[in-house]
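One-letter residues, chain by chain:
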Amino acid sequence: MNKDLTRLLRPKTIAVIGGGAWCQQVILQSERMGYAGQIWPVHPKATEIVGHKVYDHLESLPEAPDAVFIGINRHATIEAVNVLSSMGAGGAVCFASGFSEAVAEDDTGGDLQDQLIAAAGGMPILGPNCYGFINALDGALLWPDQHGAAPIDKGVAILTQSSNISINLTMQKRALPIAYMVTCGNMAQTSQAEIASALIDDPRVTAVGLHIEGFKDIQQWEALAAKAHAKGVPLVALKVGASEQAQAATVSHTASLAGSDAGAQALLDRLGIPRLFALPDFLETLKLLHCYGPLPGGNIASISCSGGEASLIADMAVGTGLTFPRLTADQKNLLRDVLGPMVALNNPLDYHTYIWRDEGAMAQAWSGMTGGDIDMTVSIVDYPTTDSTDWTCASRAALKVRAESGARFAIAATLPELLPEDVAQELMEGGVVPFMGLRETLSAIHAAGQISAPSENAVCLPGTAETTQTLTEGESKQALAKCGLRVPQSRTVRSANEAEAAANSMTAPFAVKGVGLAHKSEHDAVRLGVLPEDAASVTTEIGTDEVLIEEMITGTVAELLVGVVRDPAHGFVLTLGAGGVLTEVLRDTVSLLVPSTPDDIRSALGKLKIAPLLAGYRGQPPADMNAIIAAIQAVQAYVMQNPDTLGEVEINPLLCTPDTAVAVDALIRKA
């Protein structure tokens, strides 16, 4: 994370290599945005391009340029990058395609990308196959297509690999001030995390939105999250796509339950970066963060002049994690003075239309729904598309609340099209968030309340060795027991006589299991409650070459799944969930990354649907939570000791009792 992108992203001089329409647009758009620096077209034959003197070679330039848009073919791009690096240029945007993204069609693409990286040396490059960037703060646009950005003094930065999505986002009519729009392209040399790290060095950037297709270097993302938190610049993500996990065979429940996206979500959670799933929610969240930064929590108050809207937002908030705190006595007294006896005082509040057009009374009533433990107050207002003159009172009341109380306040339209852009702009300038759409409003508030400090523990990075060996249950338990995991007393036998001897040396009843089967219960190879006198016959009936006989655990409160799978893109994914034979039916799981702290584990277990069983359901004794966490820590210890060779490890079930937690089945796959 030590690339210096300052000259590239905030250039005082720009060179444009090429003379086609794309390159002309770069020059024209920087001029239209008010760029105050020098622009130097470079072309071997032209003498003038859109009114600018042309230089026939890079070596002819007055000095090494800060930023260069390279709009020529891929082979010539490599030559130009080599010259620019030797000159000491600040960085370049490589517009050409046909590099690594075209390997399937052109076997030379990968080699050319390697050559491009070598040519760049220490000079940062964006791309290739990249649209470049818009710097609306300084008017520098290394951008070859149309856009909807406008000059601003401060705003959010957005990064995406998709040039088309980036164009569309600049066209938003939501009053979101976009300071930087950066496309990352192939990220051959400079990663998305490195670009974001450079952008948050600009004090004019209020928040960063990341449209992420994949995480290339986890350590860079960890460094970015730590730096952003230290600087107080919030990050939010729109994560798409799915990475491939190294699942040689789905022999465990964990491998099928912890899909590749579980690793991405666990990584974002660990970094303290909230995740959005739709572009409108993404933009509305950035809008909120631009105005107020992260929210302390998810307590909201809603105001509307219609009971229908009050009911709508209350219903839509169910399952979001947002809550509507009850009004305090002070709030009720204030509201009663303003609204009179005809209005039922609740949160959400339907204040009817008794005070409509009275801006002072509206502001006083709306202020009564702020303060205390309210993290965000939302007034639902839909501006008609016919004549919205009579709705200016709502805008003025909202601005008055914000100016006089300093409370976090928003106007939200139930439909995005019912909040005009000019009104939204006026509200934003006065510090009131103009939310477009109720669903988007709730998503944004929830996300802004989820921003947190990143974990101080680095993710355990996995190796790449092929996992071809599956340990037996007994071998797996023995390996995990060395790391502190509690397992039952057991013996592995190969004959009826050995089974009889083993049974007589342990305490009945027993669990008798076939060895070497991936899913033993499906083969009728698990027998429970076996008495000593039946051990020999049951061993014969099961019929596998080896049979495991172990003492049964009694007093079980709940059964847990504890599994870890190697995910090359995100580390080792630790999955906790409801265990036993119905694991995949219940699909009650939560995922973390290794290593996770005891507090992280305790919090994750509390999110499971079976959490009430662990806590003691309907008078039943609770499970020993400390013992459960110790068992999970033992599994993590094994992973941390074997990161280069481990593919997956699973305990299913971990039997949880009031005084212990014991693994009665285990599996390890490794190189």
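Residues numbered from 1 in each chain as written. Predicted model: local features only at pLDDT ≥ 70, side-chain atom pairs only at ≥ 80, totals over all residues. Heavy atoms only, no water.

A. View of the pattern of salt bridges. Applying the stated rule across the entire model yields 23 salt bridges. The shortest N-O distance in the salt bridge between E541 and R527 comes to 2.8 Å. On the criterion of sequence distance, the pair formed by E541 in helix 19 (residues 535-542) and R527 in strand 23 (residues 526-530) is long-range, its members being 14 residues apart. Overall, the relative accessible area of 52% leaves E541 in the exposed class. Each of R10, D138, D202 and R204 takes part in salt bridges that share partners, so that together they form one network. (Salt bridge = Lys/Arg side-chain N within 4 Å of Asp/Glu carboxyl O. Helix = DSSP H or I, 4+ residues; strand = E, 2+ residues; numbered from the N terminus. Buried < 20%, exposed > 50% of the residue type's maximum accessible area, 1.4 Å probe, protein only.)

B. Summary view of the pairing of strand 30 (residues 666-670). With 4 of its 5 residues buried, strand 30 lies for the most part within the structure. Note: strand 20 (residues 469-470) against strand 30, 2 bridges, orientation antiparallel. Bridge pairing in strand 30 places Q469 opposite K670. Where strand 28 (residues 646-656) meets strand 30, 5 bridges bridge the pair, whose relative direction is antiparallel. (Pairing = 2+ DSSP bridges.)

C. Structural view of the packing of helix 10 (residues 279-292) against helix 16 (residues 438-448). Direction vectors running N to C along helix 10 and helix 16 enclose 55 degrees, while the axes themselves pass 8 Å from each other. Between helix 10 and helix 16, the crossing angle belongs to the class labelled oblique. As helix 10 runs across helix 16, the sense of the crossing is right-handed. Counted together, P280, D281, E284, T285, L288 and L289 of helix 10 and R439, E440, S443, A444, I445, A447 and A448 of helix 16 form the full contact between these two elements. Among the residues forming the contact of helix 10 with helix 16, the class breakdown is 7 nonpolar, 2 polar and 4 charged. (Axes fitted to C-alpha atoms, helices over the stretch in contact; angles between N-to-C directions. Parallel < 35°, antiparallel > 145°, perpendicular 65-115°, else oblique. Left-handed = near helix turned anticlockwise from the far one by under 90°. Contact = heavy atoms within 4.5 Å. Nonpolar A, V, L, I, M, F, W, Y, C, P; charged D, E, K, R; others polar.)

D. Representation of the side chain of T77 in the model. Position of T77 among the secondary structure elements: in helix 3 (residues 74-87). Since its relative accessible area comes to 0%, T77 is described here as buried. Contact partners of T77, with chain neighbours within four places excluded, come to I70, I72, C94, A96 and L116.

E. Region of the structure containing the nonpolar core. Of all hydrophobic cores here, the largest spans 141 residues; its most connected members are V208, L339 and W366. The residues touching W366, leaving out its near neighbours within four places in the chain, are I303, Y351, S379, V381, A394, A397, A398, V401, F409 and I411. (Core = buried A, V, L, I, M, F, W, Y, C linked by side-chain atoms within 4.5 Å.)

F. Summary view of a nonpolar patch on the surface. On the surface, V581, L582, V585 and L586 cluster together to form a nonpolar patch covering roughly 410 Å² of accessible area. Residue position: L582 is located in the loop between strand 26 (571-578) and helix 20 (583-586). (Patch = residues over 30% accessible without salt bridge, like charges linked within 9 Å, V, L, I, M, F, W, Y side chains within 5 Å. Areas by Shrake-Rupley, 256 points an atom, 1.4 Å probe, with all protein chains shown as cover.)

G. Structural detail: the sheet that holds strand 17 (residues 376-380). Across the sheet, 5 strands lie side by side as 16-15-17-18-19; this open sheet has parallel pairing. With one partner strand each, in any of the chains shown, strand 16 (349-350) and strand 19 (433-436) form the two edges of the open sheet. Looking at chain direction, strand 18 (residues 409-413) and strand 19 are connected through 4 bridges and run parallel. Across the sheet, A410 pairs through a bridge with V433, a residue of strand 19. Sitting on the sheet, helix 11 (residues 307-316) is in contact with strand 15 (300-304), strand 16 and strand 17, with an inclination near 155 degrees to strand 15.

H. Structural view of the environment of D350. Here D350 is to be found in strand 16. What makes D350 buried here is its relative accessible area of 17%. Distance from D350 to I303, taken between C-alpha atoms, is 6.2 Å for residues 47 residues apart in sequence. Setting aside residues up to four positions removed in sequence, D350 forms contacts with S304, C305, S306, G307, V343 and A344. Only 3.3 Å separates the side chain of D350 from the backbone nitrogen of S306, close enough to count as a polar contact. Polar contacts involving the side chain of D350 include one to the main-chain amide nitrogen of G307, which spans 3.2 Å. (Polar contact = N/O pair within 3.5 Å; in protein donor to acceptor, adjacent residues only side chain to side chain.)

I. Region of interest: the environment of I445. Note that I445 resides in helix 16. Discounting residues that sit within four places of it in the chain, I445 has contacts with L288, L295, I300, L322, M376, V378 and F435.

J. Representation of helix 5 (residues 163-170). The complete set of buried residues in helix 5 reads S163, S166, I167, L169 and T170. Down the axis, helix 5 shows its buried residues gathered within 165 degrees of arc, on one side only. As for helix 5, its buried residues are in contact with strand 8 (133-135), strand 10 (155-160), strand 11 (178-183) and helix 10. (Arc of directions from axis to C-beta.)

K. Seen up close, the state of the cysteines. Overall, the coordinates contain 0 disulfides when judged by the stated rule. In this model C130 remains outside any disulfide bridge; the closest cysteine sulfur is found in C184, 7.2 Å from its own. Note on C130: relative accessible area 2%, which makes it buried. Unpaired in this structure, C393 has its nearest cysteine sulfur neighbour in C305, at a distance of 9.4 Å. (Disulfide = S-S within 2.5 Å.)

L. Quick peek at the environment of L235. Structurally, L235 is set in strand 13 (residues 235-239). Among the residues examined, L235 registers a relative accessible area of 5% and is labelled buried. Taking the C-alpha atoms as reference, L235 lies 7.8 Å from A225; in sequence the two are 10 residues apart. Aside from chain neighbours lying at most four places away, what touches L235 is V208, L210, L224, A225, A228, I273, P274 and I451.

M. Summary view of the sheet that holds strand 7 (residues 125-126). Strand order in the open sheet formed by 5 strands is 2-1-5-6-7, and the pairing between neighbours is parallel. Looking along the sheet, the strands with just one partner apiece sit at the ends: strand 2 (38-42) and strand 7. Of the strand pairs in this sheet, strand 1 (residues 13-17) and strand 5 (residues 67-70) are connected by 4 bridges, and their pairing is parallel. If you follow I14 over to strand 5, its bridge partner there is A67. The strands that helix 3 touches are strand 1, strand 5, strand 6 (92-94) and strand 7; relative to strand 5, the one it contacts most, it runs at about 165 degrees.

N. Quick look at the pairing of strand 15. Extensive coverage of strand 15 is indicated by the burial of 5 of its 5 residues. Across the two faces of strand 15 the burial is the same, with I300, S302 and S304 and A301 and I303 all buried. Sheet topology note: the strand 15/strand 17 ladder contains 4 bridges and is parallel. Pairing of I300 across the sheet is with M376, part of strand 17. Two strands pair when backbone bridges link them, and strand 15 and strand 16 are joined in this way by 2 bridges, in the parallel orientation. Paired with I303 across the bridge in strand 16 is L349.

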